[in-house]
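Structure at a glance
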Amino acid sequence: MREETRAARQDQIEQAAYAVLEEKGYAATSMLAIAKRARASNETLYNWYGDKTGLFRALVMRNADTVRSLLEVSLASGAPPLETLRVLGPQLLELLISPRAVQLNRAAAADPTGELGAVIAERGRESVAPLIGDVLVRAKTEGLIGFEEVSDAIGLYLDLLVGDLQIRRVIGRQPPLDEAAIAARAERALQRFLRLSGQ
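Description of the structure in this document. (Residues numbered from 1 in each chain as written. Predicted model: local features only at pLDDT ≥ 70, side-chain atom pairs only at ≥ 80, totals over all residues. Heavy atoms only, no water.)

Here we look at helix 3 (residues 42-49)
- For helix 3, every residue scored as buried is listed here: Leu 45, Trp 48 and Tyr 49. Seen along its axis, helix 3 keeps its buried residues to an arc of 75 degrees; they face one direction. For helix 3, the exposed residues lying more than 90 degrees away from the buried face are Glu 43 and Asn 47.
- Those residues of helix 3 hidden inside the fold are in contact with helix 1 (3-24), helix 2 (31-38) and helix 4 (52-77).
- Gly 50 sits one or two positions beyond helix 3 and adopts a positive phi of about 90 degrees. (Buried < 20%, exposed > 50% of the residue type's maximum accessible area, 1.4 Å probe, protein only. Helix = DSSP H or I, 4+ residues; strand = E, 2+ residues; numbered from the N terminus. Arc of directions from axis to C-beta. Contact = heavy atoms within 4.5 Å.)

As structure tokens, this is what we get:
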């Protein structure tokens, strides 16, 4: 199968997965239901994703791809760490409160098995946070900020950036933010982080 054709089919399958997830919840979502919605064969889904957990792992990974790629490229290129944080903030915040992230988190909260929550943790925060930590360590090495434990610094940055905004989006108590509001919140979080972590 040509790469472009496969990518288009994956888009259809992933859109179908989100639709079935919204209708049925994670526990009741099956590969067969997703295959039918996507007009794909069940065999294709199992060949490409392995199982339902593998499919949703791919959804979470794809959702975080832009942020993870930004961090990887910045670290590889030696980009100034504070500039990396300035660019990262709005993208990360937009990701975490996006409709798809909200949908995945709502489904995870309603999943009695805890399986989807584990996938989100493994492929979401647990894959991105270490890269943020690498950026913070670089900033510390350059004398731009100070901290004792990198895990504490990561936590502080994410707390300032996101706070309870994501959970309020998940429970329907926070309307979506526009681009300007996201950018303003991200810049405010960075400035507060720098004040609290300054040398």
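From this point, the discussion proceeds with the structure in view.
A word on the packing of helix 4 against helix 6 (residues 99-110)
- In contact at an axis separation of 11 Å, helix 4 and helix 6 are set at 145 degrees when each is read in the N-to-C sense. For the pair helix 4 and helix 6, the sense of crossing is left-handed. Contacts from Phe 56, Val 60 and Asn 63 of helix 4 reach helix 6 at Arg 100, Ala 101 and Leu 104.
- Across the contact of helix 4 with helix 6, the residue classes break down as 4 nonpolar, 1 polar and 1 charged. (Axes fitted to C-alpha atoms, helices over the stretch in contact; angles between N-to-C directions. Left-handed = near helix turned anticlockwise from the far one by under 90°. Nonpolar A, V, L, I, M, F, W, Y, C, P; charged D, E, K, R; others polar.)

Note that all results are geometric; they support no functional claim without further evidence.
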